[in-house]
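Chain by chain, the residues run as shown.
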Amino acid sequence: MLKTEDNALLCHVGPETPMGAVMRRYWHPVCTSAQLPTPDSDPLRVRLLGEDFVVFRDTEGRVGMFDELCMHRGASLALGRVEEGGIRCLYHGWKFDVTGALLETPNHDDAKYRARMKAPAYPVREEAGLVWAYVGPRDREPAFSRYAFMDTKSENRAVIRININCNYLQLVEGGEDTSHVGVLHTNMARPGWKDKEFQPNKDVVNPAALATNDLHPELELEDTEFGFHYVALRKTDEPDVRNARVVPFVVPYGRVIPSPAFSFFVFEVPDDDTHTSTYIVIYGDAPVEADRVIELLGLDDKRYYNRETCLFTATWADSFGQSRKLMKDSSWTGLVGVEVEDAAIALSQGALYDRSKEHLVPSDRAVMRVRRILLDAVKGLSNGVEPPGVGMDLTGVGACDASLRAGQPWRELMPGHRPLKAAA
Ligand code: FES
Ligand SMILES: [Fe+2]
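Residues numbered from 1 in each chain as written. Chains lettered and ligands numbered in written order. Predicted model: local features only at pLDDT ≥ 70, side-chain atom pairs only at ≥ 80, totals over all residues. Heavy atoms only, no water.

Check the secondary structure of the chain and you find 11 helices and 18 strands. Scaling as 2.2 N^0.38, a compact globule of 424 residues should have a C-alpha radius of gyration of about 22 Å, and the chain matches this with 23 Å. If you line up the chain on its principal axes, its C-alpha atoms span 80 × 50 × 45 Å. Here the chain, with 424 residues, has 55% of them falling under the buried criterion. Restricting the contact set of the chain to residue pairs at least 6 apart, pairs at least 24 apart contribute 60%. Surface exposure of the chain reaches about 18800 Å², of which carbon and sulfur atoms provide 51%. (Helix = DSSP H or I, 4+ residues; strand = E, 2+ residues; numbered from the N terminus. Rg over C-alpha atoms; globule rule 2.2 N^0.38 Å. Buried < 20%, exposed > 50% of the residue type's maximum accessible area, 1.4 Å probe, protein only. Contact = heavy atoms within 4.5 Å. Areas by Shrake-Rupley, 256 points an atom, 1.4 Å probe, with all protein chains shown as cover.)

As structure tokens, then:
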């Protein structure tokens, strides 16, 4: 369990909060490139860490991000016109380029005034089908952290955004909780469950396909430069061989989940305290079909997901679409798809779960470590210590699902994860 004060400390991310201050030390995904599909396409309202912004792509394809409200008298720039190298406010026609430079002020014909003023434009980068931004203190802007998926052919990568109406930590904890995979995702992890017979799932794309039927994996954890990583060790039919799944936690909300052929990089970006944008980048050595991934996540069902708005739409109004009939026949949860199951569970905990009432067991150790590392980051920053991994090169971060012989150290599986002590 977590004390109510610590729960609030971890979950509240607004501008004046301690966790909000930690989060503002990092670059964040703010939308997908596909949401700004063409030069001069429609601008997008973006909510990040409890604040509102506008993002747009100019005539030359460059992306800009400002505070949402126009610096003149506060009309929303998300209603504006994107044209001829900038975004123009509808109210009095002030026009800005992607750097925030004031190009035109039709109701105030004064070039000197325009030269003096600048809209609050934030640093942005477009990488791997995502737009990333930094909204923290100007004098603290870190180097942009690169991941391995940024250096691959675009056909070997797919990017999906899902907006889920609950606090980010519920989704992070679900992602760092390996022991739920063989239960919540029973249909995909243990396809023979109905006949009480384990048959491994042969789908090389599915991250919920488990190699073994062991429902209580042994966990070992280690702090790293970027946060921590842990291994879930599961028994196999061979006495000297265990299945090892290594999953990292990248402060403040990142993880990588392995599937046999691909890696799922997941970022649970807080829009505010009760809304999260989940970005999933699937990447590997072979082409990835976004449609195939959408299907295995269960997001091809229109009851659950709107591909235009990226919104996860299921609610209690229809019990998240759960089918009691399917539960009797073929689906262990009555839901279909990995993300549908994960998101429905996170939403079922409420918009912001009160962890003071829970009862943790040893298989929740990775969840406990997430909290400890984030609380340490909050306390550290309040004492002037920068949080872990800010500005770090993250190209060595990944996940794996492998067979481990007796005596073989699991840490060797991920040589790119440097333990914290080696970094000191
Ligand atoms: S409020 Fe934007 S131009 Fe006046
Ligand atoms: Fe899951």
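Moving on: the coordination of the iron ion (ligand 2). Around the iron ion (ligand 2), the protein supplies H180 (NE2), H185 (NE2), D342 (OD) and D342 (OD) as donor atoms, at distances of 2.0 to 2.5 Å. Positions of the donor residues of the iron ion (ligand 2) along the chain correspond to the pattern H-x4-H-x156-D. (Donors = N, O, S within 2.8 Å, 3.2 Å for Na, K, Ca; no water.)

Turning next to the pattern of salt bridges. This structure, assessed with the given rule, holds 31 salt bridges. A salt bridge links R303 to D301; its shortest N-O distance comes to 2.7 Å. The partner of R372 in a salt bridge is D376, and the shortest N-O contact between them spans 3.1 Å. Within this pair, R372 and its partner D376 are both found in helix α10 (residues 365-382), separated by four residues, close to a single helical turn. (Salt bridge = Lys/Arg side-chain N within 4 Å of Asp/Glu carboxyl O.)

Here we come to the side chain of H229. Mapped onto the fold, H229 is located in strand β13 (residues 227-235). For H229, a relative accessible area of 1% puts it in the buried group. At 2.7 Å, the side chain of H229 and the side chain of E222 are in polar contact. A polar side-chain atom of H229 sits 2.9 Å from a polar atom in the side chain of H417. The residues contacting H229, other than those within four sequence positions of it, are E220, L221, E222, T224, V246, V247, P248, W410 and H417. (Polar contact = N/O pair within 3.5 Å; in protein donor to acceptor, adjacent residues only side chain to side chain.)

For the rest of this paragraph, the subject is unusual backbone geometry. Note the cis peptide between V251 and P252, where omega equals 10°. Relative to the assigned elements, P252 resides in the loop between β14 (241-250) and β15 (254-258). The residue D40 is not glycine, and still its phi comes out positive at about 60°. With respect to the secondary-structure elements, D40 resides in the loop between β1 (28-32) and β2 (44-48). The exposure class of D40 is partly exposed, given its relative accessible area of 27%.

Moving on: the sheet that holds β2. Read across the sheet, three strands follow the order β2-β3-β4 without closing on themselves; strand pairing throughout is antiparallel. A single partner strand is all that each edge strand has here, and the edge strands are β2 and β4 (63-67). On average, each strand axis in the sheet is inclined to that of its neighbour by 30°, with strand direction left out of account. Note: strand β3 (residues 51-57) against β4, five bridges, orientation antiparallel. (Pairing = 2+ DSSP bridges. Axes fitted to C-alpha atoms, helices over the stretch in contact; angles between N-to-C directions.)

On the surface, V183, L215 and W332 cluster together into a nonpolar patch covering about 230 Å² of accessible area. When you line up the elements, L215 lands in the loop between α6 (186-189) and β12 (218-224). (Patch = residues over 30% accessible without salt bridge, like charges linked within 9 Å, V, L, I, M, F, W, Y side chains within 5 Å.)

Mapped onto the fold, Q35 is located in the loop between β1 and β2. Within the structure, Q35 has its side chain in polar contact with the side chain of R161 (distance 2.9 Å). Beyond its immediate chain neighbours, meaning those up to four positions away, Q35 contacts L44, R161 and C310.

This next bit is on the pairing of β13. Among the nine residues in β13, eight count as buried, and that is most of the element. Pairing between β12 and β13: seven bridges, direction antiparallel. Each bridged residue has a counterpart across the sheet, and for E220 the counterpart in β13 is V231. Here β12 folds back onto β13 in antiparallel fashion, the turn holding two residues. Here nine bridges tie β13 to β14, and the two strands are oriented antiparallel to one another. Each bridged residue has a counterpart across the sheet, and for K235 the counterpart in β14 is R242. Connecting the antiparallel pair β13 and β14 is a turn made up of five residues.

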